[in-house]
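Chain residues, written in single-letter form:
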Amino acid sequence: MAFVIFLIPCFMVGSDVALSCQNADDFVGASSPGDIVIGGLFSVHSEMLHPEEDPIKPVIQNCAGFEIQVFLQTLAMIHAIETINNSTLLSGVTLGYEIYDTCAEVTKAMASALRFLSKFNSSEDAVEFKCNYSDYIPRVKAVIGASYSEVSMAVSRLLALQLIPQEVILTSNATTGTVVSPASSAEILSDKIRFPSFFRTIPSDFHQTRAMTRLICESGWNWIGVIATDDDNGRFALESFGVQAMANNVCIAFKEMLPAYLSDSTFHTKVDQAIENIVKEKRVNVIVVFMRQFHVLKLFKKAIERNVNKIWIASDNWSAAVKISTMPNIRQLGTVVGFGFKNGDISSFQEFLRNLHKKPTENNKFLREYIMLLSVCAHLEYHDFQRCIANQSQDNLLENDGSKPHIWRDDFLNANVEPGFIHSTMLAVYAIAHAIKGLCKDRDCKDPSAFTPWELLEELKRVVVIDGDKEVKFDSHGDMSTSYDVLLWKEIDGHMEITTMAEYDAEKGGFIFEDEEKKKDFLALKKVQSTCSQPCSPGQVKKVTESPHTCCYECIYCPENHYSNQTDMDYCYRCNNKTYWAPINSSTCYRKTIYFLAWTDWFAIFLLLLSAFGVVLVLSICVIFTKNLDTPVVKASGGLTVCYIILFSHFLIFLSTVFFIDIPTEFKCKTRQTLFGISFTLCISCILIKSLKILLAFSFDPKLQNFLKCMYKPIPTVVTCTGIQVIICTFWLIFRTPFVNQNFSIPRAIILECNEGSIVAFGIMLGYIAALAFICFIFAFKGRKLPENYNEAKFITFGMLIYFIAWIVFIPVYATTFGKYLPAVEIIVVLISNYGILCCTFLPKCYIIIYKQETNTKSAFLKMVYTYSSKSAGSVAVSQASLDSKSSSFRAVVTDSCKTENDSVNGNCHFQVPGQSLIKGKVLPQNAARTMVRKRVSSI
């Protein structure tokens, strides 16, 4: 198989450049031999110096900005490997390491990765180009690092090619190792298609940004600023945070992107611009920062100068950075809340640091450089000492001959330990060691060719590591299921301490507090307001303004019958209009008050008293008539049977009013109109019979008498008239029966009422009663001039008039009235019409029975009837004579038969009027008049 050899040049530089690599081994920062070698990539320096000569040559430059925290990570890796080698975990197999400094530069990290890819035991550090790397043994089996996601992405893409050897059509394949990163958190690295060999012992930025958003939401903030570095890590973090923020209604007021490199000529301008935006946007009191530590140092220095006081939410890059927390006047910046990787037990590492001065330095350039820095900066206090270390470059250290004495400061190293990063680094080493243990069960792993990196990759996917009291493993995305510590920078005894406030459970998405004191610290964050608009209280709703941000809005009241029961609601809930209501600006719905004409209502009590009085009146009349059964007045009223029927009808009418009061039920709705209609019809039918009888008794017109005799059928008439009403009510109840109805026409009330079912049927029932009353009125009106003391027809006329007036007024009033007093309107009309007919029918008779007893005798009654009959007969004769005298052409001729004795005795005579038919009249002699009086009395 053809192959091409790529040689890695040693990048020779002139003797004027110090600490440059003369050969490939000079490029290694720290190393130790072993059966299985693990590579390490750490940005021990924060930047790489740029050449000043022109043209620029392909020479790897020296670096500046010694990073104590990253240096501690390299020591953590070395400590973990030494601990494993001194344990029985790998049973005789030793681990070696090669650690390189990336200087936070992708270029230098790629140069280190090329050496990792070189063939094992190759004297020339050659990288073979092959189509199939299944059996290829590179220099290292796995790589730990790098510290920044941007570097990890580039390195992982280069190393990931080992996982596609079967694709023989691809000719650009290269070898790879497995990358296990303890610090790269970019969410994109979870993509196993682009980064198939990438694992990490920390959560991805997805969980971090979700945790940040959760913190922001629970603190009541929605108007924030974001500052990030303009590199892959910053852009991906900003993108992930933006998605999470949008999903949780958090608005980003401004975004500031700072250059990724401090050497960028626009860096300071961009920092000033970011500070200006922070100062100008006074409503933004929370700033989320996704930046490297040296970026944060520059930003905070400028913020302290401008007296900026905000809440700063720190990403895992700098949340536990001691060199930032110990900056002068750091407390003036406000509150720093950050998310750091979950701490573990690092006591053994702290012990390792205390004995670090005893370690050899010949194979650890980083340790040698740190010792040199101790010499240069030994005279300075803590923070100045730290700044001195960070500001020294490798070129400057050459000027120090190393003869200066130094004081070992292990307290300084312990003070700068970031437990999360240290624990993650050690966890990464242990994960690789456990994977190697799984592969070496049936292999001789002292032989470097015992397994390939891609086999180690498959084993890593299944490995389980015991971390403290729980098991951790990599998920399908290559992420280890660890949680975050929520860190709070808190001033204690005049010093800024980084304390753990809570734990964020990445799986459940919630915060866990150890005690109430820490929970109080968390809740205290809510005191700071960071919103574009004031929160809308319950009863209000957000109305988006012209601003493009949804977090900027006005608060308007919920309209009537709508409510909002939470703050900052986007819309108002609608109440169930049938049973609930709400005023304007309401936070809840209120149950509508149910109204009906209750027993306790004063107006209902008044109407019931009137009905009760009517019942008492009916019973009193019944008693009076019963006691005076044989008197002419009672007999003239139709007798006790008719009176009882009429009085019973009045009693039922008064009783029907009870069904109009209290909670309507189906029984009440069906009973009240039916009972009233049939009872009133029975009453009017009986009065109609009485009117016919009176008119028949005192009528002198023979034709009218014949007609009235045909009509006067008391029992059939009453049964027929009442039966028709019964049929009407029966059909009504069968086809369109009344029912209980809830009237919602009043906004805040429910009126319980009886729906009549059919207005037509209700109208027919009332119309039928009105028709009978009108017939009764006509007959009674004709008999209005009967004997004055016994003129019942006149009072019946008055009673019918009262009925008509009451019900004519009732129709428009009933049609325009609504509410709980609607039944009272009908009760009033029923009582008026019932009282009118009852009083007009019976009270005059009761008055005569009680106060005019002298007229309630048979003789007085006969005398009155006789007088009325005599006047009536005389008036008939006079009217006929006057007709004859008015015109000669109309003289009446008395026939001969009228002169005969027989005719005179019988009292029959014939009056012939010209042009008219023969009129048959009566001559009323005195004895005949007496006979007629007796007949009238008997008929009445």
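Coordinates for the structure precede this section.
Now for a quick tour of the structure. These numbers come from a predicted model, not from an experiment. (Residues numbered from 1 in each chain as written. Predicted model: local features only at pLDDT ≥ 70, side-chain atom pairs only at ≥ 80, totals over all residues. Heavy atoms only, no water.)

## A word on the packing of helix α19 (residues 639-656) against helix α25 (residues 822-851)
Viewed as axis vectors pointing N to C, α19 and α25 meet at an angle of 160°, and their least axial separation amounts to 10 Å. When the axis of α19 is compared with that of α25, the two are roughly antiparallel. The two elements α19 and α25 meet at a crossing, and its hand is left-handed. Residues Cys643, Ile646, Leu647, His650, Ile653 and Phe654 of α19 lie in contact with α25, whose contacting residues are Val830, Leu831, Asn834, Tyr835, Ile837, Leu838 and Phe842. Residue composition of the contact of α19 with α25, by class: 11 nonpolar, two polar and no charged. (Axes fitted to C-alpha atoms, helices over the stretch in contact; angles between N-to-C directions. Helix = DSSP H or I, 4+ residues; strand = E, 2+ residues; numbered from the N terminus. Parallel < 35°, antiparallel > 145°, perpendicular 65-115°, else oblique. Left-handed = near helix turned anticlockwise from the far one by under 90°. Contact = heavy atoms within 4.5 Å. Nonpolar A, V, L, I, M, F, W, Y, C, P; charged D, E, K, R; others polar.)

## Description of the state of the cysteines
One pass over the structure, following the stated rule, counts eight disulfides. Each sulfur of the disulfide joining cysteine 251 and cysteine 551 lies 2.1 Å from the other. Given an S-S torsion of about 90°, the disulfide between cysteine 251 and cysteine 551 has right-handed geometry. Within this pair, whereas cysteine 251 is found in strand β12 (residues 251-258), its partner cysteine 551 is found in the loop between β21 (540-544) and β22 (553-557), the two being separated by 300 residues in sequence. The exposure class assigned to cysteine 251 is buried, which follows from its relative accessible area of 7%. Just so you know, cysteine 217 is unpaired, no disulfide at all, and the nearest cysteine sulfur is the one on cysteine 551, 9.5 Å from it. Owing to a relative accessible area of 31%, cysteine 217 belongs among the partly exposed residues under this scheme. Here cysteine 839 stays free of any disulfide, with the sulfur of cysteine 840 as its closest cysteine sulfur at 6.8 Å. (Disulfide = S-S within 2.5 Å. Buried < 20%, exposed > 50% of the residue type's maximum accessible area, 1.4 Å probe, protein only.)

## Regarding the packing of helix α1 (residues 68-85) against helix α9 (residues 347-354)
It is the contact of α1 with α9, at a shortest axis distance of 10 Å, that shows an interaxial angle of 105°. It follows from the interaxial angle that α1 and α9 lie roughly perpendicular. Contact residues: α1 offers Leu72, Leu75, Ala76, His79 and Glu82, while α9 offers Ser348, Phe349, Phe352 and Leu353. Among the residues making up the contact of α1 with α9, the classes are represented as six nonpolar, two polar and one charged.

## Comments concerning the side chain of glutamate 369
Checked against the element boundaries, glutamate 369 lands in helix α10 (residues 365-376). It turns out glutamate 369 is buried and unbridged, and the closest side chain with the opposite charge, lysine 108, is 8.9 Å from it. Of note is the side chain of glutamate 369, whose polar atom sits 2.6 Å from the side chain of histidine 45. (Lys, Arg positive; Asp, Glu negative; His and termini not counted. Salt bridge = Lys/Arg side-chain N within 4 Å of Asp/Glu carboxyl O. Polar contact = N/O pair within 3.5 Å; in protein donor to acceptor, adjacent residues only side chain to side chain.)

## Focus: the nonpolar core
Counting residues in each nonpolar core, the largest one holds 69 residues, and the members touching the most others are Phe625, Phe676, Met800 and Trp807. Put simply, the parts of the chain that give this core at least two residues each are α17 (602-627), α18 (632-636), α19, α20 (666-697), α22 (714-735), α23 (759-782), α24 (792-816) and α25. Sorting elements by how many residues they give to this core places α25 first, with 14 residues. Those residues in contact with phenylalanine 676, other than ones at most four positions away along the chain, are Ile653, Ser656, Met765, Leu766, Ile769, Trp807 and Val830. Counting 66 residues, the second-largest nonpolar core is a separate cluster that includes Phe352, Ala428, Cys445 and Val472. (Core = buried A, V, L, I, M, F, W, Y, C linked by side-chain atoms within 4.5 Å.)

## A few points about the packing of aromatic side chains
Summed over the entire model, instances satisfying the criterion amount to 38 aromatic pairs. Taking the centre distance of 6.0 Å and the plane angle of 40° together, the rings of tryptophan 732 and phenylalanine 762 count as tilted. Of this pair, tryptophan 732 sits in helix α22 while phenylalanine 762 is found in helix α23, placing the two residues 30 residues apart along the sequence. The exposure classification of tryptophan 732 matches that of phenylalanine 762, with both residues buried. Here the aromatic rings of phenylalanine 762 and tyrosine 814 are separated by 6.2 Å at their centres, their planes lie at 50°, and the arrangement is tilted. Taken together, the residues phenylalanine 762 in helix α23 and tyrosine 814 in helix α24 connect sequence positions 52 residues apart. Comparing phenylalanine 762 with tyrosine 814, the two get one shared label, buried. Pairwise contacts between aromatic rings join Phe676, Phe680, Trp732, Phe762, Phe774, Phe777, Tyr803, Phe804, Trp807, Phe810 and Tyr814 into one cluster. Positioned above the aromatic ring of phenylalanine 451, the side-chain terminus of lysine 141 is 5.3 Å from the ring centre. (Phe/Tyr/Trp six-rings, centres within 6.5 Å; stacked < 30°, edge-to-face > 60°. Lys NZ or Arg CZ within 6 Å of the ring centre and 35° of its normal.)

## Quick notes on the sheet that holds strand β11 (residues 223-229)
With mixed pairing, eight strands are arranged side by side in an open sheet as β12-β11-β13-β14-β15-β18-β19-β20. The strands lining the two open edges of the sheet, one partner per strand, are β12 and β20 (510-512). Pairs of neighbouring strands in the sheet enclose a mean axial angle of 25°, with direction left out of account. Relative to strand β13 (residues 286-290), β11 runs parallel, the two being bridged by four bridges. By the bridge assignment for β13, glycine 225 is matched with isoleucine 287. Those strands touched by helix α6 (residues 267-280) are β11, β12, β13 and β14 (310-314), and its axis lies near 165° from that of β12. Most of the contacts of helix α7 (residues 293-305) go to β14, to which it runs at about 180°, and overall it touches β11, β13 and β14. (Pairing = 2+ DSSP bridges.)

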